[in-house]
Amino acid sequence: MEKYIVSARKYRPSTFASVVGQTALTSTLKNAIATDKLAHAYLFCGSRGVGKTSCARIFAKTINCTNRTADGDPCNECDSCRAFNAGSSLNIVELDAASNNSVDDIRALVDQVQVAPTNGRYRVFIIDEVHMLSSSAFNAFLKTLEEPPSYVVFILATTEKHKIIPTILSRCQIFDFNRITINDMVNHLEYVANNEGIKAERSALGVIASKADGAMRDALSIFDQVAASSRGEITYRSAIENLNVLDAAYFSRLVDSFIECDVPTALLTYKEIRDHGFDSHAFINGLAAYIRDLMVTREESTRSLVDTDEATLKLMSEQASKCTPTFLYQAMSLCNDADLNYRQATAKTFLVELLLIKLCQLLSPSPIFSGDGEGQLKPIMSETSTGADMTATTTAANKPASTPMTAPNVAREPRPGVPAPDISRPRPTRRPILHTVSIIGNRSSQQQQEATPQIVNAPPLRESPYTLEQLIKAWNEYRDLDLTKRIVYNTMRASKPVENPDKKHCYTVTIEIETQREKLEEEMPNLLKFIHDKLSNDHITFELELNDGPSSPSTWSEREIIAHLSEENPNFKKFVQALKLSLT
Ligand SMILES: [Zn+2]
């Protein structure tokens, strides 16, 4: 019975010609060997699975081969080649620096370097993951690396070139390995499938290749896994089910809903995807990649950048022809913003749903999310929609212009009978909506600094001039927005901000009782947001101080006022008693 060998091993390249996706690099190496211009140290850089170690082994075999092919590849037949292929050649020494990174390991290696080859011309020392060497090991190695015996070639390999110290870099000839393209991988997988007598749809191999993320070794392992459970026939469906890959059909359906400005379908499709257990962040990236593919599918010249089967490509071309480049660009940009904001967002599903709603608005005749922020507000769901919890419908007339409708708990409808805040003031420059969500509330300069590394395009803080009068006006406007919040209303009516002479844009608010202070503190994020937007100034802050002294008449209730007046003025008391006045 034939022994089963995993494909990653069985199809490990044994010649430069069989290395997948590194043609330029292998021809340079072959050329160096043919012209006998060998460096004594090479550094192979590139992500995992791109063929660094394979190339190093082929290189070692080739420079010792006594009968190289016309193409500059090893013959695989001479004594040396056979010893290499059997793993018995003494002319190749491999050290995995990830697990052997001590000074002693390097000293042992340096000792071996002194031994000349008994047969063959060169001894090749491969140090894998060389960035893992300790710094003392590096130092112990430097001198040997600088002046090795003439029969020695070092090949250092690393996935993290930036961790290699300059003294090593300057002593090596550097080769940067490409990520292996999907196309190259699919071709190679097709070759392997044919060799193994397995029927495989090219689109299925495409799914396997994208899952492998640039690493050929992984692609071959995944291929084995799918082949094992597909009973000799790998189909697109079996591949996506086996690998739990999100079907591109979902993205196609979503883009249709964006084109038709169909928010309900977009949200329901997203729910279906979540119900299948797919991660929302992966979903955003998948959607972004799909839209990017649509973009390059629009042009004949760039169509080759999409690697998929003919049928899918045809469907994508049809869909792409319905999209303008501007739409696709804006959609990509929105996906990118959502990707950047994802990690910070506390409400991940909300962030994705917001993204989908925005995408559905891009082609709407009067988009909410137009770039200038001046677009008329349009219902995002149909008026007759029964989805009561999604009725974010509103109109410009009864909406405070500067209240961002997307920030949770911030947007509030003015109460009947309460005048809408002044909307004649020029709108502040619209800032990216997602940022108002993530840094809602007190945009103090300190918080802004902390947030900066993640928020790549955070807008600068606004600092427009304003007067105390305008500040008080905005204060009162906010107070009047929701008359049902009695405590907040009363507190804001009784206590007005007073300029802090020591701190610019800082105002002290003196509060009478602890409950009031708590309530106002709860309100603070929304209040600050409102004031900042009203006055186009993000520097304004409030300090709440509890009044230790006697309570001020401005906070008295009506009953207290009457009691006080009665105390002070006997006539008033008589007047109240005579008329039998009472407060009910
Ligand atoms: Zn040979």
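Every chain is numbered on its own, with residues counted from 1 as its sequence reads. Local features in this predicted model are restricted to residues of pLDDT 70 or higher, and side-chain atom pairs are both shown and tallied only at a pLDDT of 80 or more, whereas totals for entire chains, interfaces and linings draw on every residue. Excluded from the side-chain calculation are hydrogens and water; included are all heavy atoms of the structure.

Draft legend 1. Quick look at unusual backbone geometry. The backbone of D36 shows a phi angle near 60°, a positive value even though the residue is not glycine. The way it works is that DSSP assigns letters per residue, a run of H or I at least four long becomes a helix, a run of E at least two long becomes a strand, and they are numbered from the N terminus. On the secondary structure map, D36 appears in the loop between helix 2 (23-34) and strand 1 (41-45). Residues other than glycine seldom take positive phi values, yet E129 does so here, at roughly 50°. Turning to its location among the elements, E129 is positioned in the loop between strand 3 (123-128) and helix 6 (135-146). Only protein chains enter the area calculation, which uses a 1.4 Å probe; residues under 20% of their type maximum are buried, those over 50% are exposed, and those in between are partly exposed. E129 sits in the partly exposed class, given a relative accessible area of 22%.

Draft legend 2. Structural view of the side chain of S89. With respect to the element layout, S89 can be found in the loop between helix 4 (79-85) and strand 2 (92-96). By definition in these notes, contact holds between two residues if any of their heavy atoms fall within 4.5 Å. Setting aside chain neighbours within four positions, we find S89 in contact with A83 and F84.

Draft legend 3. Up close: the sheet that holds strand 2. The 5 strands lie next to each other as 2-3-4-1-5, forming an open sheet whose pairing is parallel. With partners counted over all chains shown, the strands left at the sheet margins are strand 2 and strand 5 (173-176), one partner each. Strand-to-strand, the axes of this sheet are offset by a mean angle of 15°, without reference to chain direction. Strand pairing is assigned whenever DSSP identifies at least 2 bridges connecting the two strands. Strand direction decides the pairing type here: strand 1 and strand 5, joined by 4 bridges, are parallel. Within the sheet, the bridge partner assigned to C45 lies in strand 5 and is D176. Against the sheet, helix 2 makes contact with strand 1 and strand 5, and its axis sits at roughly 150° relative to strand 5, the strand it touches most. In this description, a line fitted to the C-alpha atoms serves as the axis of each element, helices being fitted only across the stretch in contact, and the angle between N-to-C directions of two axes falls anywhere from 0 to 180 degrees. The strands touched by helix 3 (residues 52-64) within the sheet are strand 1, strand 2, strand 3 and strand 4 (152-158), with strand 4 carrying the most contacts at an inclination of about 170°.

Draft legend 4. Looking closely at the packing of helix 12 (residues 248-259) against helix 17 (residues 348-361). Where helix 12 contacts helix 17, the two axes come as close as 7 Å, and the packing angle between them is 55°. Compared by their axis directions, helix 12 and helix 17 come out oblique. Facing helix 12, whose interface residues are L254, S257 and F258, helix 17 presents L356, L359 and C360. Throughout, the ten residues Ala, Val, Leu, Ile, Met, Phe, Trp, Tyr, Cys and Pro are labelled nonpolar, Asp, Glu, Lys and Arg are labelled charged, and all others, Gly among them, are labelled polar. A per-class count over the contact of helix 12 with helix 17 returns 5 nonpolar, 1 polar and no charged. Here is the rule for angles: anything less than 35 degrees is roughly parallel, anything more than 145 is roughly antiparallel, 65 through 115 is roughly perpendicular, and the remaining ranges are oblique.

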